[in-house]
Amino acid sequence: KYGADLLRFYLLSANKVWEDLRFVWDEMDDVRSMFNTLWNSYAFAVNYMVLDEFKPSEKYMRYLRDEDRWIISKVNSVVKECIEALEIPHLHTYTWKIKDFILNDLSRWYIRLIRDRTWKEKNDTDKLAAYQTLYYVLMKLITIMAPVSPHISEEIYQNLKTDDMPESIFMNRIIVDEEFIDKKLEEEMEIVRDIVDAILRGRDKAKY
């Protein structure tokens, strides 16, 4: 009904490693929903990239917007925190951080911010910078997910990898690009998100 990746992720994330596990089907459904969100984010990126015949290139990093630099910083911060959790090992922390990034940072925030950019002309550098950012973030994300979700990570990797990359995701090292981490930018983006959330709550309350 759920598959190996979902069960593995659930068993590692359901509770702290020193606590007994109480299996809850509804929580399995939550994990499936998270994986669907990951796949939808990946499909969103790939569909537009294929449509525009996008080829990943470092040169597009010159055209990044603040939101691009933020998500790149954020994914590297998450990778760094996941490595630290894995070394303890606190696998519940490891999986919680991945889940929060997919649901809140990637899907509900970044992809919503860049949707309008994907509708621009084929060779628009602003759009290509967004594609390059998505490509970079997805590759970082699946690399850190691979130890706990090997099947979906490998499938996404096979569809995203270029000819000069290793044959399997498991031939890659998990690396933090420290030079891309900008804690000040991450903090400022949190303020922006808090403001947006407050506005949305106010609008809902007023039934506007």
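About the criteria used
- Each chain has its residues counted from 1, running along the sequence as written.
- Under the rules for a predicted model, residues below a pLDDT of 70 receive no local features and side-chain atom pairs below 80 are neither given nor counted, while totals for whole chains, interfaces and linings still include all residues.
- Excluded from the side-chain calculation are hydrogens and water; included are all heavy atoms of the structure.
- For helices the rule is a DSSP run of H or I covering at least 4 residues; for strands it is a run of E covering at least 2, with both sets numbered from the N terminus onward.
- Within these notes, the globule rule equals 2.2 Å times the number of residues to the 0.38 power, and the radius of gyration is based on C-alpha atoms.
- Each residue gets one of three labels from its accessible area relative to the maximum for its type: buried under 20%, exposed over 50%, partly exposed in between, using a 1.4 Å probe on protein chains only.
- Residues are treated as being in contact if the distance between any of their heavy atoms lies within 4.5 Å.
- All accessible-area figures derive from a Shrake-Rupley calculation using a 1.4 Å probe, and residue coverage is judged against the displayed protein chains alone.
- For the purpose of counting charges, residues Lys and Arg are taken to be positive, whereas Asp and Glu are taken to be negative. His and the chain ends are not included.
- Lysine's charge is taken at NZ, arginine's at CZ, aspartate's at CG and glutamate's at CD.
- Cavities and pockets are found on a 1 Å grid laid over the protein atoms alone: a cavity is a set of points where a 1.4 Å probe fits but cannot escape, a pocket is an open set with protein on both sides within 12 Å along at least five of seven lines, and a lining residue has an atom within 4 Å of such a point.
- Grid points are joined across faces, edges and corners, and a volume is the space filled by probe spheres set on the points.
- Here the nonpolar group is Ala, Val, Leu, Ile, Met, Phe, Trp, Tyr, Cys and Pro; Asp, Glu, Lys and Arg are the charged ones; every other residue, Gly included, is treated as polar.

Visitor: Report on the overall build of the chain, specifying residues and quantitative values.
Guide: The secondary structure content of the chain amounts to 7 helices and 0 strands. Beginning at the N terminus, the succession of helices and strands in the chain can be written as α-α-α-α-α-α-α. In summary, the chain has a C-alpha radius of gyration of 18 Å against a globular reference of 17 Å for 208 residues, a match within 12%. With respect to the principal axes defined by its C-alpha atoms, the chain has extents near 55 × 55 × 35 Å. Going through the 208 residues of the chain one by one, you find that 45% of them count as buried. Restricting the contact set of the chain to residue pairs at least 6 apart, pairs at least 24 apart contribute 75%. Counting every atom, the chain has about 12000 Å² of accessible surface; 51% of that belongs to carbon and sulfur. Distance between charge centres in the chain, computed from 31 positive and 38 negative side chains, equals 4 Å.

Visitor: Outline the layout of surface pockets, supporting the account with residue identities and numerical values.
Guide: Rolling a probe over the atoms, with the probe sized like a water molecule, indicates the empty space that remains. There is about 470 Å³ of room inside the largest pocket. Y136, M139, K140, M165 and D177 are, among the 19 residues lining the largest pocket, the residues nearest its centre. Its residues placed into classes, the lining of the largest pocket shows 11 nonpolar, 4 polar and 4 charged. The space that makes up the second largest pocket amounts to roughly 260 Å³. Forming the walls of the second largest pocket are V46, M49, V50, E53, F54, K55, P56, Y135, N159, L160, K161 and T162. Looking at the lining of the second largest pocket, the elements with two or more residues in it are α2 (25-51) and α6 (150-160). Looking at the lining of the second largest pocket element by element, the count peaks at 3 residues for α2. Taken together, the residues of the lining of the second largest pocket sort by class into 7 nonpolar, 2 polar and 3 charged.

Keep in mind that these numbers describe shape and distance, not what the molecule does.
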